[in-house]
Amino acid sequence: VALSEQEQPYLSILVSIPEAVAFKAADAVTGIWLGWAGASLVLAMFLAWIVGRFGIHDPLVRIVETAQRLGDGDLTARSGLAGGRGTLGRLAQAMDRMAQSLEKDRADLVTARDALAREALRRQTLMDSSNDGIVVIDSGHRIVEANRRFAELLGYEQDAVVGMLTWDYEADWDEAAIRNSFINP
């Protein structure tokens, strides 16, 4: 402060308030915003955990368990996630369709195997019980199967006739005549 405008100032007056008082309102607002940010972070982490646990982890565990059961031969295994959406849902649905297809294929194979076994037994019974000589030859005129009576008629053991050519045991016809007598020589 100067006594007049032409004189040098000789006194300075400083008016201030304490820093705590000046920043009190700003600190309160910052605290509120930090509280909301922390609460938002906790809520976001909780929601991420829920989505990760129930939307990703649990479906993946079910898919892996289903794959392991299928790998162990249990073709009735299904993921149970047929209504799921997204990539994991589509993966589960594809795996369930694959398992269903494998189960059907296995059932068809078992049915065919059983029918083949019944037919083989019927055929073997016919071959073994027949008093007539029965021989099965392939397109190259080679014996692939013969019954005991056929071998006896030729004077051979049953195992010895398998692999013989028809002209090896046919005395009346030569190879050319035998080939000509078949529709598909």
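Keep in mind that this is a model prediction, so the values were computed, not measured.

(A) Examining unusual backbone geometry more closely. A positive phi angle, close to 70 degrees, is found at H141, a residue other than glycine. Within the secondary structure layout, H141 lies in the loop between β1 (135-137) and β2 (143-146).

(B) Looking closely at the environment of H57. Along the chain, H57 falls in helix α1 (residues 19-71). At 3.1 Å, the side chain of H57 and the side chain of D58 are in polar contact.

(C) Main features of the pairing of β2. Across three bridges, the pairing between β1 and β2 is antiparallel. Across the sheet, residue V135 finds its bridge partner in β2, namely A146. Where β1 folds back on β2, the antiparallel hairpin that results is connected by five residues, among which H141 adopts a positive phi of roughly 70 degrees.

(D) Summary view of the nonpolar core. Of all hydrophobic cores here, the largest spans eight residues; its members are I63, L70, L75, A77, L81, A92, M95 and A99. If you list the elements that add at least two residues to this core, you get α1 and α2 (86-129). For L81, the residues in contact, after removing those within four places along its chain, are P59, R62, I63, G89, A92, Q93 and D96. Grouped together as the second largest cluster of nonpolar side chains are six residues, I143, A146, A151 and M164 included.

(E) Local environment of the packing of aromatic side chains. Going through the model one piece at a time under the given rule, you end up with three aromatic pairs. Measuring from centroid to centroid gives 6.4 Å for F46 and W49, while their planes differ by 25 degrees, and the two rings are stacked. Of this pair, F46 and W49 both sit in helix α1, three residues apart, which is roughly one turn of that helix. A residue is classified by how much of its surface remains accessible, and F46, at 45% relative accessible area, is partly exposed. Between F150 and Y169 the ring centres are 5.4 Å apart and the planes differ by 85 degrees, which places this aromatic pair in the edge-to-face class. Here the residue F150 occupies a position in helix α3 (residues 148-154), and Y169 occupies one in helix α5 (residues 166-169), the gap between them amounting to 19 residues. We classify Y169 as partly exposed; its relative accessible area is 21%.

(F) Structural detail: the packing of α1 against α2. Taken N-terminus to C-terminus, the directions of α1 and α2 make an angle of 15 degrees; their axes are 10 Å apart at the nearest point. Considering the angle they form, α1 stands roughly parallel to α2. In the packing of α1 onto α2, the handedness of the crossing is left-handed. Here G55, I56, P59, L60, I63, T66, A67 and L70 of α1 come into contact with α2, specifically with L88, L91, A92, M95, M98 and A99.

(G) Geometry of α2. Taking 1.5 Å as the rise per residue, α2 with 44 residues should run 64 Å; its terminal C-alpha atoms sit 64 Å apart, in good agreement. Taken as a whole, α2 has its buried residues at G89, A92, M95, D96, A99 and M127. Packed against the buried residues of α2 are α1 and β2.

(H) How the structure looks around α1. Helix length check: α1, at 53 residues, gives a terminal C-alpha distance of 72 Å against a target of 78 Å (1.5 Å per residue), a fit within 8%. The sharpest bend along α1 measures roughly 40 degrees and falls at A25. For α1, every residue scored as buried is listed here: P59, I63, T66 and L70. Those residues of α1 that are buried lie in contact with α2. G73 lies just past α1 and shows a positive phi near 100 degrees.

Procedures and definitions
- Residues numbered from 1 in each chain as written.
- Predicted model: local features only at pLDDT ≥ 70, side-chain atom pairs only at ≥ 80, totals over all residues.
- Heavy atoms only, no water.
- Helix = DSSP H or I, 4+ residues; strand = E, 2+ residues; numbered from the N terminus.
- Polar contact = N/O pair within 3.5 Å; in protein donor to acceptor, adjacent residues only side chain to side chain.
- Pairing = 2+ DSSP bridges.
- Core = buried A, V, L, I, M, F, W, Y, C linked by side-chain atoms within 4.5 Å.
- Buried < 20%, exposed > 50% of the residue type's maximum accessible area, 1.4 Å probe, protein only.
- Contact = heavy atoms within 4.5 Å.
- Phe/Tyr/Trp six-rings, centres within 6.5 Å; stacked < 30°, edge-to-face > 60°.
- Axes fitted to C-alpha atoms, helices over the stretch in contact; angles between N-to-C directions.
- Parallel < 35°, antiparallel > 145°, perpendicular 65-115°, else oblique.
- Left-handed = near helix turned anticlockwise from the far one by under 90°.
- Expected span 1.5 Å × (residues − 1).
- Bend = angle between axes of the 7 residues up to and from the residue.

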